[in-house]
Amino acid sequence: RRSMEGSSEAALTSDTAVTVAVMPFSMTGAHENGDIASGLEELLAARLNETDGLHSVTISEGSSPGSARLLVRGRVMANAGRLRVTAFLYDRGNANAVLGRAYVEGTRLTDLADALTWRLILERHAGRGERLTRAAVQSTQSLAAVKAYLMGERRFQLYSFSAAIDAFTLAVKSDSVFGLAYYRLSRAAEWDGRHALARSAAKLAGRFSDRLSDLDRRLVEARLVQLQGGMAEAERLYRELLVDYPEDTEVWLQLVEVLFRRNPLRGRSAE
C-alpha cells in the first residue's frame, strides 16, 4: 500500500498539454523599454508552463503562433515607476473567443507574472463553469499545488483514481494546508478502495477548511460524517446543502452516493 508521501511526480507527465502562445506585448511609457515587455512575456510563459496542463511558448514579433490552441496578448504601460499590465487569453479553436482578461499593477516583473498567471487560469476555468476548480485556484497561493490539483481533477474525471491520488498528493505536498485538495484526495482514495487514506485525508480537509467557501466547508463536514458511518446525518447535511446550493453537482453526487448505500438497508430502492 502506498502512503500519502509515496506518490510519483512522473504520474503527471502523460496528459497531452494544450499549447499556449504568448504573443509580444505592446509597451508604452518609460521610453517604451522593450526589455520590460519581453521580460514579462518570458516570465509569464514560464509560469503558464507550470500550470493547468499547458505547454507555453513565446512568439517573436511578426512570427506565427503555429498550431497553438490558446493565445495570450497584452499591453504594458509604465507610469511613475509602476507597471500596469492588461492581458487577454484567446481560444483559437473557437473563432478566437476571449476566455479571460487579467489586469495587474505593480513594480516587480515576477510578481506581475504570478498575478497574471493566477487570474488567467481562474478566468479560463470560470468560462468552463468548473466550480471546484475555480474554488481550488482561489484557496491556495501555490502554483505547483494548482498544477497538481488540476491534473488530479482530470484524472478523477477519467476514473483513473490511483493517478488522481498521486496528483492530489502532490498538491498537498506543495501546499500542506490546501483543504480542497485533501477533500478531493479523500474522494479519489475512497473510489480506489483505500479507505484509511480516504478517512485521513478527510480529517485533514476538515482541519484546513478555513480558506474554503461556506459550500466547501459544509461538504467537508458532511463527508467526515459520512466516512464515520453516520449515513442518516450525512443525508440530512447534504439535503440542507441542496436547499442553499440546489445547482451544485458535487452535492447531488454525494447525496446520491449516500442514498445508494443507505436505502437498501432501509428496505428502499437504491435509486
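Residues numbered from 1 in each chain as written. Predicted model: local features only at pLDDT ≥ 70, side-chain atom pairs only at ≥ 80, totals over all residues. Heavy atoms only, no water.

Further remarks concern the overall build of the protein chain. Secondary structure summary: the protein chain contains ten helices and six strands in total. The burial tally for the protein chain puts 48% of its 271 residues in the buried class. For the protein chain, the proportion of contacts with a sequence separation of at least 24, taken over those separated by at least 6, is 58%. Here the protein chain has roughly 13,200 Å² of accessible surface; of this, 50% comes from carbon and sulfur atoms. (Helix = DSSP H or I, 4+ residues; strand = E, 2+ residues; numbered from the N terminus. Buried < 20%, exposed > 50% of the residue type's maximum accessible area, 1.4 Å probe, protein only. Contact = heavy atoms within 4.5 Å. Areas by Shrake-Rupley, 256 points an atom, 1.4 Å probe, with all protein chains shown as cover.)

Between helix H6 (residues 179-191) and helix H8 (residues 214-227), the least distance of the axes is 11 Å, while the angle of their chain directions is 35°. With respect to the hand of their crossing, H6 and H8 are arranged in left-handed fashion. Here Leu180, Tyr183, Ser186, Arg187 and Glu190 of H6 come into contact with H8, specifically with Asp216, Leu219, Val220, Arg223 and Leu227. (Axes fitted to C-alpha atoms, helices over the stretch in contact; angles between N-to-C directions. Left-handed = near helix turned anticlockwise from the far one by under 90°.)

In this model, the protein chain carries a mean pLDDT of 83, and residues with pLDDT of at least 70 account for 85%. Of the regions scoring below 50 in pLDDT, residues 1-14 engages in 28 contacts with residues more than four places distant in sequence or in other chains. Low pLDDT, under 50, characterises residues 263-271; the predicted model gives this stretch nine contacts beyond four residues in sequence or across chains. (pLDDT = per-residue confidence, 0-100.)

Tyr149, Phe178, Leu180, Leu219 and Tyr238 are the most contacted members of the largest nonpolar core, which totals 50 residues. Beyond its immediate chain neighbours, meaning those up to four positions away, tyrosine 238 contacts Leu219, Ala222, Arg223, Gln226, Val251, Gln254, Leu255 and Val258. Val20, Ala37, Val72 and Val104 belong to the second-largest nonpolar core, a separate cluster that totals 24 residues. (Core = buried A, V, L, I, M, F, W, Y, C linked by side-chain atoms within 4.5 Å.)

Turning next to the packing of aromatic side chains. By the definition in use, this model includes seven aromatic pairs. Ring centres of tyrosine 159 and phenylalanine 161 lie 6.1 Å apart, and the angle between their planes is 85°; this geometry places the pair in the edge-to-face category. The exposed category is assigned to tyrosine 159, whose relative accessible area is 66%. With centroids separated by 5.8 Å and ring planes inclined at 25°, the aromatic side chains of tyrosine 182 and phenylalanine 208 adopt a geometry described as stacked. Linking tyrosine 182 in helix H6 with phenylalanine 208 in the loop between helix H7 (195-207) and H8, this pair joins segments that are 26 residues apart in sequence. (Phe/Tyr/Trp six-rings, centres within 6.5 Å; stacked < 30°, edge-to-face > 60°.)

Topologically, phenylalanine 156 is positioned in helix H4 (residues 143-157). A sequence separation of 31 residues divides phenylalanine 156 from arginine 187, and the C-alpha atoms of the two residues are 9.1 Å apart. With residues near it in sequence (within four places) discarded, phenylalanine 156 still touches Phe161, Ala164, Arg184, Arg187, Ala188 and Trp191.

Time to look at unusual backbone geometry. Its identity as a non-glycine residue notwithstanding, alanine 80 has a phi of 55°, on the positive side. Relative to the elements of secondary structure, alanine 80 occurs in the loop between strand E4 (70-79) and strand E5 (82-91). Residue class for alanine 80 comes out exposed when judged on its relative accessible area of 77%. At tyrosine 159, a residue that is not glycine, the phi angle is positive and equals roughly 65°. Mapped onto the elements, tyrosine 159 comes out in the loop between H4 and helix H5 (161-174).

All right, on to the pattern of salt bridges then. Summed over the entire model, instances satisfying the criterion amount to 16 salt bridges. The residue arginine 47 makes a salt bridge to aspartate 114 at a minimum N-O spacing of 2.4 Å. Of this pair, arginine 47 sits in helix H1 (residues 34-49) while aspartate 114 is found in helix H2 (residues 109-128), placing the two residues 67 residues apart along the sequence. Each of Glu153, Arg184, Arg187, Glu250 and Glu257 takes part in salt bridges that share partners, so that together they form one network. (Salt bridge = Lys/Arg side-chain N within 4 Å of Asp/Glu carboxyl O.)

Now for the pairing of E4. A regular strand places its side chains so that they alternate between the two faces of the sheet. Where strand E1 (residues 18-22) lies against E4, three bridges are found, and the strand directions are parallel. Bridge assignment links valine 20 to a residue of E4, and that residue is leucine 70. Where E4 and E5 come together, ten bridges link them in antiparallel fashion. Bridge assignment links asparagine 79 to a residue of E5, and that residue is arginine 82. (Pairing = 2+ DSSP bridges.)

With 14 residues, H8 extends 20 Å from end C-alpha to end C-alpha; this agrees with the ideal 20 Å at 1.5 Å per step. Leu215, Asp216, Leu219, Val220, Ala222, Arg223, Val225, Gln226 and Leu227 are the residues of H8 that are buried. After H8 finishes, the residue glycine 229 shows a positive phi value of roughly 90°. (Expected span 1.5 Å × (residues − 1).)

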